[in-house]
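Working through the structure, step by step
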Amino acid sequence: MEGDLISRWSNLTTWRKRCPHLSISEGSEDGETVQVPQVPPSPSRPTATARALSKLLVDDGYTLIDDPICDEGLRMRMSRGISDLESKHHLPAIFILLFDDCWNMAA
């Protein structure tokens, strides 16, 4: 039973079907490397501020940002993904972190 549950939750095809408009990769070659998300600097967000926001993102799992850090299309796909996970699949929003788009937005 436990093996079936692990197999189902770790099956990338299952997650791709839940949010087909988002991407989820197989992982890194060594299976361990995780790129730490970075909030990019912008004209209204100097490098020091971006670093501080990145630290909050890593330490707390979220950060508030005044200006957009990605294009509207990606924001809409992410919003739809969170909505689909919650309303269609009865999963908490935190599962959005399984998808590459979330980390690409923060990179």
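Residues numbered from 1 in each chain as written. Predicted model: local features only at pLDDT ≥ 70, side-chain atom pairs only at ≥ 80, totals over all residues. Heavy atoms only, no water.

Structural notes on the overall build of the protein chain
The helix and strand inventory of the protein chain stands at five helices and zero strands. For the protein chain, the α and β elements follow one another from N to C terminus as α-α-α-α-α. Within the protein chain, buried positions represent 25% of all 107 residues. Within the protein chain, residue pairs in contact and separated by at least 24 positions form 53% of the contacts whose partners lie at least 6 positions apart. Of the roughly 7500 Å² that the protein chain leaves accessible, carbon and sulfur atoms contribute 57%. (Helix = DSSP H or I, 4+ residues; strand = E, 2+ residues; numbered from the N terminus. Buried < 20%, exposed > 50% of the residue type's maximum accessible area, 1.4 Å probe, protein only. Contact = heavy atoms within 4.5 Å. Areas by Shrake-Rupley, 256 points an atom, 1.4 Å probe, with all protein chains shown as cover.)

Thoughts on the packing of aromatic side chains
For any pair of aromatic rings, the description rests on two quantities: the centre-to-centre distance and the angle between the ring planes. Following the criterion strictly, the structure yields one aromatic pair and no others. Stacked on the ring of W15, the Lys or Arg R18 has its end atom at 5.1 Å from the ring centre. (Phe/Tyr/Trp six-rings, centres within 6.5 Å; stacked < 30°, edge-to-face > 60°. Lys NZ or Arg CZ within 6 Å of the ring centre and 35° of its normal.)

Here we look at the confidence of the model for the protein chain
Across the protein chain, pLDDT averages 74, with 63% of residues at or above 70. Long-range and interchain partners of residues 28-37, a stretch whose pLDDT sits below 50, account for eight contacts in this model, where long-range means more than four residues apart. (pLDDT = per-residue confidence, 0-100.)

Considering the pattern of salt bridges
Evaluated as defined, the whole model comprises two salt bridges. The partner of D84 in a salt bridge is K88, with the nearest N and O atoms 3.7 Å apart. Judged by relative accessible area, which is 55%, K88 ranks as exposed. In the salt-bridge network here, residues are joined through shared partners; they are R80, D84 and K88. (Salt bridge = Lys/Arg side-chain N within 4 Å of Asp/Glu carboxyl O.)

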